[in-house]
Amino acid sequence: MPMAFGTILGGSCTLIGTSTNLAVSGAIQRYGYEAISMFELTPIGVIMVLLGVLYMLFIGLRLLPSAGASESLTDDYSIREYISELVVLPDSPLVGKTLGSSNISTDLELNVIGIIRGDERKINPDPRERIQRRDLLLVEGKITDLLRVKELVGLEIKPDFMLNDGVLESDDAQLYEVLVMSDSALLGQTLKTLRFRQRFDLTVLAINRHREMIIEKLSDVTLKFGDVLLVQGSKENLEAMVGEGDILLLEDVSASSMRLAKRKWAISAFLFFLLLSVSKVTIGIDVPVMICVLAGVFVMLATKTVRYSEMYSLIDFRLLVLIACMMSFGVAMENTGTDKFLAGLIESYFGIYGPTAVLAGFFVLTVILTQPMSNQAAALVVLPIAIKTAIAMGVNPRTFAIVVTLAASFSFITPLEPACVLVYTPGRYRFMDFVKVGSVLTLLVFTVSMLLVPVFWPF
């Protein structure tokens, strides 16, 4: 949570820190005002970051839950009592059959996740693998199902079996945690309907759903946004699935998928972009931010730090469409006079309390709207009304635009912010943890905004 909140606060330091800043910067130009410059938000942004750090160090950490993750994934998911090792007896009717034809999973509701044959270990075995005498089958299932296997299919439970992460891993298969994303094609489906194991060649051992561990009848569990799956399989198969954008791997990406030799060019492109951004200060030439960004992108393309074939996959077109639609919504409010009408009501009923009170009202309204809506949408809905209200009151519209920008970015109260979603389940937080820690931080940034925004952008 501190990392997620730090990411949100850090985004308020520059124009390109968040897409919300860019969206508001583009929208205010329609009203005849200058776009937000690259470092216009930096003074108040840096203060907000320092405020957030001090808050988390001295107050926030005391409000966070104390429960932490252990070093073992088998312990984290409490699957120790659900996994056992079975010995195939010489007279077992399973001898000679393949795993697929043995119907162990369908009839006995046991999931075979490994075979140990002498010194050979096969983790996440192929369904066509044939069962041999004295094989050790690593199976996952309920205790009641394990206890009846001997009399039914000639299997015997190995009494001295001790489960740890190493038992479930081999050179070809490891344990991984993956997060189901908000736009995943897996949402609303079960592992059975997805044919997950056959399709991805990966085995799901457990599901962590907001600190609730689901281990039984996994094939019938409907997947939801934020579920963390404990999967077993090869790195190659997992990275292929991650590449489809349905899940997020909760660990460092392997070095093999990185272009380490291109790091210097990536840094050079960023420094080149930064140099152009401050050109007005250094050489007196004001280079538009779009030109600065494009120059940096061209450097990365020319050096093949980013390949042409990857360009479109790196752009979130849904976000672009959302921003375009909400800007059109703002134009519609302007053309129909809705923004002036609402601004007139606000000025009539609340103008008597002064511009600071109205400014505070717009901050609170924007924060409330960011909970069910995206940050960009909330900012672009409130912005036209805020600007027209400022004009009606005879104060600086830019002051109101900056407050709306900051309020839309500071979404701490719920874990619906993308940065918070990524740490929600892996950090084993509850919804109320964000309400408890985030509400206090929201009050702090609200207070600082009301005090400092009129100083940097006077009424």
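Below is a summary of the structure that appears in this document. (Residues numbered from 1 in each chain as written. Predicted model: local features only at pLDDT ≥ 70, side-chain atom pairs only at ≥ 80, totals over all residues. Heavy atoms only, no water.)

**Quick notes on empty space enclosed by the protein**
Rules: A 1.4 Å probe that fits into a set of points on a 1 Å grid over the protein atoms alone but cannot get out defines a cavity; an open set with protein on both sides within 12 Å along at least five of seven lines defines a pocket, and lining residues are those with an atom within 4 Å of a point. Grid points are joined across faces, edges and corners, and a volume is the space filled by probe spheres set on the points. Only runs of H or I of at least four residues qualify as helices and only runs of E of at least two qualify as strands under DSSP, and these elements are numbered from the N terminus. The classification used treats Ala, Val, Leu, Ile, Met, Phe, Trp, Tyr, Cys and Pro as nonpolar, Asp, Glu, Lys and Arg as charged, and all other residues, Gly among them, as polar.
Per the counting criterion, the structure on display carries 1 cavity of 30 Å³ or more. In this model, the largest cavity occupies a volume close to 40 Å³. Taken together, Ala 27, Arg 30, Tyr 31, Met 326, Met 327, Gly 330, Leu 380, Leu 383 and Pro 384 make up the full set of residues lining the largest cavity. Among the elements of the structure, helix H14 (317–336) and helix H17 (375–393) are those that each provide at least two residues to the lining of the largest cavity. For the lining of the largest cavity, the per-class residue count stands at 7 nonpolar, 1 polar and 1 charged.

**Side note on the sheet that holds strand S4 (residues 136–140)**
Rules: A pair of strands counts as paired when DSSP detects no fewer than two bridges linking them. Structural elements are reduced to axes, namely lines fitted to C-alpha atoms, with helices fitted over the stretch in contact, and the angle between N-to-C directions of any two is expressed from 0 to 180 degrees.
Read from one edge to the other, the open sheet built from 5 strands follows the order S3-S2-S4-S1-S5, with strand pairing classed as antiparallel. A strand with exactly one partner marks an edge of an open sheet, and here the two such strands are strand S3 (120–123) and strand S5 (155–157). Recorded for the sheet is a direction-independent mean angle of 30° between the axes of neighbouring strands. Bridge count for strand S1 (residues 83–88) against S4 is 5 bridges, and the pairing is antiparallel. Residue pairing in the sheet places Val 87 in a bridge with Leu 136 of S4.

**Things to note about the pattern of salt bridges**
Going by this rule: One speaks of a salt bridge when a side-chain nitrogen belonging to Lys or Arg is within 4 Å of a carboxyl oxygen belonging to Asp or Glu. Only protein chains enter the accessibility calculation, which uses a 1.4 Å probe. A residue is then buried if its area is under 20% of the maximum for its type, exposed if over 50%, and partly exposed in between.
Inspection of the entire model under this criterion finds 7 salt bridges. A salt bridge links Glu 40 to Arg 398; its shortest N-O distance comes to 2.9 Å. Highlighted residues: Glu 40 in the loop between helix H2 (19–28) and helix H3 (42–63) and Arg 398 in helix H18 (residues 397–409), separated in sequence by 358 residues. Assigned by exposure class, Glu 40 and Arg 398 land together as buried. Its salt-bridge partner being Lys 192, residue Asp 220 comes within 3.1 Å of it at the nearest N-O pair. Linking Asp 220 in the loop between strand S8 (212–214) and strand S9 (228–233) with Lys 192 in helix H8 (residues 191–194), this pair joins segments that are 28 residues apart in sequence. Exposure remark for Lys 192: the relative accessible area of 52% places this residue in the exposed category. Shared partners join several salt bridges into a network, and the residues in it are Arg 117, Glu 120, Lys 122, Glu 129 and Asp 135.

**Observations concerning the packing of aromatic side chains**
The line we're drawing: Stacked, tilted and edge-to-face are the three classes applied to pairs of Phe, Tyr and Trp rings, where Trp contributes its six-membered ring and a pair requires centres within 6.5 Å; stacked means planes under 30 degrees apart, edge-to-face means over 60, and tilted covers the rest.
Taken as a whole and judged by the stated rule, the model has 10 aromatic pairs. For the ring pair Phe 362 and Phe 400, a centre distance of 5.9 Å and an interplane angle of 75° mean the geometry is edge-to-face. On the criterion of sequence distance, the pair formed by Phe 362 in helix H16 (residues 355–370) and Phe 400 in helix H18 is long-range, its members being 38 residues apart. Among the residues examined, Phe 362 registers a relative accessible area of 3% and is labelled buried. On the basis of relative accessible area, Phe 400 is assigned to the buried category, the value being 0%. An aromatic cluster is present here, built from Phe 5, Phe 410, Phe 412, Tyr 429 and Phe 434 joined pairwise through their rings.

**Some thoughts on the environment of Leu 294**
Examined against the element boundaries, Leu 294 turns out to sit in helix H13 (residues 289–302). The sequence separation of Leu 294 and Phe 273 amounts to 21 residues, and the corresponding C-alpha distance is 8.4 Å.

**What to know about the nonpolar core**
Put simply, the test is: Nonpolar cores are built from buried Ala, Val, Leu, Ile, Met, Phe, Trp, Tyr and Cys residues. Side-chain atoms within 4.5 Å join them into one set. A contact between two residues is defined here by any heavy atoms of the two lying within 4.5 Å.
Phe 5, Phe 362, Phe 400, Phe 410, Phe 412, Phe 434 and Val 445 are the most contacted members of the largest nonpolar core, which has 68 residues in total. At 11 residues, H17 tops the list of elements feeding residues into this core. Filtering out sequence-adjacent residues up to four positions away, Phe 434 remains in contact with Met 1, Phe 5, Phe 412, Ile 413, Thr 414, Pro 415, Cys 420, Val 423, Tyr 424, Tyr 429 and Ser 439. Grouped together as the second largest cluster of nonpolar side chains are 21 residues, Phe 200, Leu 218, Val 221 and Leu 223 included.

**Structural notes on the sheet that holds S9**
Judged by pairing direction, the sheet is antiparallel, and its 5 strands sit side by side in the order S8-S7-S9-S6-S10 without closing on themselves. Each edge of the open sheet is held by one strand with a lone partner, namely S8 and strand S10 (247–249). Pairs of neighbouring strands in the sheet enclose a mean axial angle of 30°, with direction left out of account. For strand S6 (residues 174–180) and S9, the ladder comprises 6 bridges, and the chain directions are antiparallel. Its bridge partner being in S9, Leu 175 is matched across the sheet by Gln 232.

**Structural notes on a nonpolar patch on the surface**
The following threshold applies: Excluding any residue in a salt bridge, patches collect residues exceeding 30% relative accessible area, merging like charges within 9 Å and nonpolar Val, Leu, Ile, Met, Phe, Trp and Tyr side chains within 5 Å. Here the open area of atoms and residues is found with the Shrake-Rupley method and a 1.4 Å probe, where only the protein chains shown may cover a residue.
A surface patch of nonpolar side chains, about 570 Å² in accessible area, is lined by Ile 16, Leu 22, Ile 291, Val 293, Leu 294, Val 297 and Phe 298. Looking at the nonpolar patch, the element that brings in the most residues is H13, giving 5 residues. Its relative accessible area of 44% is what places Leu 294 among the partly exposed residues.

**Notes on the side chain of Thr 366**
Note on placement: Thr 366 falls in helix H16. Given the relative accessible area of 0%, Thr 366 is considered buried. Apart from the residues lying within four places of it in its own chain, the contact partners of Thr 366 are Ala 378, Val 382, Val 404, Ala 407 and Ala 408.

**Regarding the environment of Gly 45**
Within the fold, Gly 45 resides in helix H3. A residue is classified by how much of its surface remains accessible, and Gly 45, at 0% relative accessible area, is buried. The spacing of Gly 45 and Leu 406 is 361 residues in sequence and 8.9 Å in space, taken between C-alpha atoms. Here Gly 45 is in contact with Leu 9, Ser 12 and Cys 13, once residues within four sequence places are set aside.

**A look at the pairing of strand S2 (residues 111–117)**
Across the 7 residues of S2, 6 count as buried, placing the element largely inside the fold. Of the pairings in the sheet, the one linking S2 to S4 comprises 5 bridges and is antiparallel in character. Counterpart to Asn 111 in the pairing with S4 is Glu 140. Hairpin connection of S2 to S3: 2 residues between the antiparallel strands, including Gly 118 at a positive phi of 70°.

**Thoughts on the environment of Pro 418**
Summarising the element assignment, Pro 418 is placed in helix H19 (residues 418–424). Once the C-alpha coordinates of Pro 418 and Ser 374 are considered, the two residues, 44 residues apart in sequence, prove to be 9.5 Å apart.

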